[in-house]
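What the coordinates show
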Amino acid sequence: MSQQSQSIQTLLDAEKEAAKVVQQARQYRTQRLKDARSEADKEIAEYRKQKDEEFKKFEAERSGSTQSVQTSIDKDTEQKIAAINEAFEKNRNEVVKKLLERVVEVHPEMHRNNKKTK
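All residue numbers refer to position in the chain's written sequence, counted from 1. Two thresholds apply to this predicted model, a pLDDT of at least 70 for residue-level local features and 80 or more for giving and counting side-chain atom pairs, whereas whole-chain, interface and lining totals are computed over all residues. Working from all heavy atoms in the structure, the side-chain values ignore hydrogens and water.

What follows deals with the overall build of the chain. Numbering goes from the N terminus for both helices and strands, where a helix is a DSSP run of H or I of at least four residues and a strand is a run of E of at least two. Looking only at helices and strands, one finds 1 helix and 0 strands in the chain. Since a compact globule built from 118 residues should have a radius of gyration of about 13 Å, the 48 Å found for the chain marks it as more spread out than a globular shape. Over its C-alpha atoms, taken along the principal directions, the chain stretches across nearly 155 × 45 × 20 Å. Counting every position in the chain, which comprises 118 residues, the buried fraction comes to 0%. In this tally Asp and Glu are treated as negative and Lys and Arg as positive; neither His nor the chain ends contributes. We put the charge of a Lys on NZ, of an Arg on CZ, of an Asp on CG and of a Glu on CD. Taking the average place of the 25 positive charges on the side chains of the chain and the average place of its 22 negative ones, the gap between the two points comes to 8 Å. Here the globule rule is a power law, 2.2 Å times the number of residues to the power 0.38, and the radius of gyration is based on C-alpha atoms. Exposed residues in this analysis have more than 50% of their type's maximum accessible area, buried residues have under 20%, and partly exposed residues fall in between, with area computed by a 1.4 Å probe over protein chains only.

Set out below in structure tokens:
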């Protein structure tokens, strides 16, 4: 019986040892997952930072060109407005004169559809 007790005790010790090994493996795996997650978070943060910098650089380059395009459009618009105002001032008196001639000078005559044919 003593040998049987000793065998059982050996099996129990082996089972305890196996449980410890399994527990250590689980802890190791858990730690590796945590490390992998933190490493992935660091890589994601670096990648995001790099892309943000690239975007800001791209935006800065494009906003400068947008500003210059806007300036040239404003200048062109001002030139066109000045040309329109100049044409207005140049032709103003003549247009008023023609309008007054049409309104004031009335020539009473029969409409061509209303004339009698002989």
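When a carboxyl oxygen of Asp or Glu is within 4 Å of a side-chain nitrogen of Lys or Arg, the pair counts as a salt bridge. Tallied over the full model, the rule gives 4 salt bridges. The residue Glu89 makes a salt bridge to Arg92 at a minimum N-O spacing of 3.6 Å. In this pair, Glu89 and Arg92 are both assigned in helix α1 (residues 2–104), 3 residues apart and thus about one turn of the helix distant. Glu89 sits in the partly exposed class, given a relative accessible area of 48%. Overall, Arg92 belongs to the partly exposed group, its relative accessible area being 41%. Notably, a salt bridge pairs Lys98 with Glu94, separated by 3.6 Å at the nearest N-O pair. With Lys98 and Glu94 both in helix α1 and 4 residues apart, the pair spans about one turn of that helix.

Just distances and angles here, no functional claims.
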